[in-house]
Amino acid sequence: MLKAAGITFEARPARIDEESIRLSLQAEGAPPRDMADTLAEMKARKLAEKHPEALVIGSDQILALGDEVFGKPGDLGQARAQLLRLRGKTHRLYSAVVVYEAGRPVWRQVGEARLTMREFTETWLDGYIARHQDVLCESVGGYRIEEEGVRLFSAVQGDHFTILGLPLVPLLSWLSLRGSIPA
């Protein structure tokens, strides 16, 4: 998304144990919004410690169906089970971004979107999984709305970029206001 927006950057993995952090936050009763924010901050902090001279952007996304939180499915069976669990229901996506500068957090944003899945047949679902098996476990919830996964939905409320995993418009506005990118 940043590249498509004309932003020059260097991507580096933060190498944090997202799953155990998410499970720990869940056990503590943290709301999904706070989970997304915490994970984004931990990623940014980890890289900012290694590169204190850099402006570091960390992001993460959490999917919540009521109090139930979903991560990336571990395999196609889990992806199928998640999609069946979401079928006919409205869930929320929380996408967080945290920016570190000089080793400290200087800006953050959490975007929220509401998505309603339609009632789909298991036959259609099995075909969808077969057609996209190579990417479904890379996405929270096991779908890719930017592709054929959009057919899973009957209603979508929220910013497109937040749904894709990064509240891009607020981030670009902030970067412009501070002079980090041309305005």
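Residues numbered from 1 in each chain as written. Predicted model: local features only at pLDDT ≥ 70, side-chain atom pairs only at ≥ 80, totals over all residues. Heavy atoms only, no water.

- Looking at an unreviewed UniProt entry, one finds the chain named Nucleoside triphosphate pyrophosphatase and attributed to Pseudogemmobacter faecipullorum.
- The UniProt entry for the chain carries the following comment under Subcellular location (unreviewed entry): "Cytoplasm".
- Per UniProt, the chain has the following entry under Sequence similarities (unreviewed entry): "Belongs to the Maf family." (UniProt positions renumbered as here; feature names shortened; annotations may be inferred.)

## Focus on the nonpolar core
Nonpolar side chains in soluble globular proteins tend to end up buried together.
Here is step 1 of the chain: Of all hydrophobic cores here, the largest spans 22 residues; its most connected members are Leu83, Leu115, Met117, Tyr128, Tyr143 and Leu152.
Here is step 2 of the chain: Those elements giving two or more residues to this core turn out to be β1 (56–65), α3 (76–86), β4 (104–117) and α4 (122–131).
Here is step 3 of the chain: No other element matches α4, which puts 4 residues into this core.
Here is step 4 of the chain: Those residues in contact with methionine 117, other than ones at most four positions away along the chain, are Leu83, Leu86, Arg87, Gly88, Lys89, His91, Tyr143, Leu152, Phe153 and Ser154.
Here is step 5 of the chain: One finds Ile21, Ile62, Ala64 and Val98 within the second-largest nonpolar core, a separate group that totals 20 residues. (Core = buried A, V, L, I, M, F, W, Y, C linked by side-chain atoms within 4.5 Å. Buried < 20%, exposed > 50% of the residue type's maximum accessible area, 1.4 Å probe, protein only. Helix = DSSP H or I, 4+ residues; strand = E, 2+ residues; numbered from the N terminus. Contact = heavy atoms within 4.5 Å.)

## Here's the deal with the sheet that holds β4
Here is step 1 of the chain: If you trace the 5 strands from one edge of the open sheet to the other, you get β2-β1-β3-β4-β5, paired in antiparallel fashion. Both edges of this open sheet fall to β2 (68–70) and β5 (153–157), since each of them pairs with a single strand only. Geometrically, the sheet is characterised by an average inter-axis angle of 30° between neighbouring strands, direction not taken into account.
Here is step 2 of the chain: Two elements, strand β3 (residues 90–101) and β4, share 12 bridges in a ladder whose sense is antiparallel. Bridged to valine 98 within β4 is arginine 108.
Here is step 3 of the chain: The sheet strands contacting α3 are β1, β2, β3 and β4, and the helix crosses β2 at an angle near 140°. (Pairing = 2+ DSSP bridges. Axes fitted to C-alpha atoms, helices over the stretch in contact; angles between N-to-C directions.)

## Quick notes on helix α1 (residues 18–27)
Here is step 1 of the chain: If you check which residues of α1 are buried, you get Ile21, Arg22 and Leu25. All buried residues of α1 fall inside an arc of 100° around its axis, so they share one side.
Here is step 2 of the chain: Buried residues along α1 sit in contact with α2 (32–50), β1 and β2. (Arc of directions from axis to C-beta.)

## Quick notes on the packing of α1 against α2
Here is step 1 of the chain: Axis separation between α1 and α2 bottoms out at 10 Å; the angle between their running directions is 140°. Between α1 and α2, the interaxial angle falls into the category oblique. As for the relative orientation of α1 and α2, their crossing is right-handed in sense. Counted together, Glu18, Ile21, Arg22, Leu25 and Gln26 of α1 and Met35, Thr38, Leu39, Met42 and Lys43 of α2 form the full contact between these two elements.
Here is step 2 of the chain: Among the residues making up the contact of α1 with α2, the classes are represented as 5 nonpolar, 2 polar and 3 charged. (Parallel < 35°, antiparallel > 145°, perpendicular 65-115°, else oblique. Left-handed = near helix turned anticlockwise from the far one by under 90°. Nonpolar A, V, L, I, M, F, W, Y, C, P; charged D, E, K, R; others polar.)

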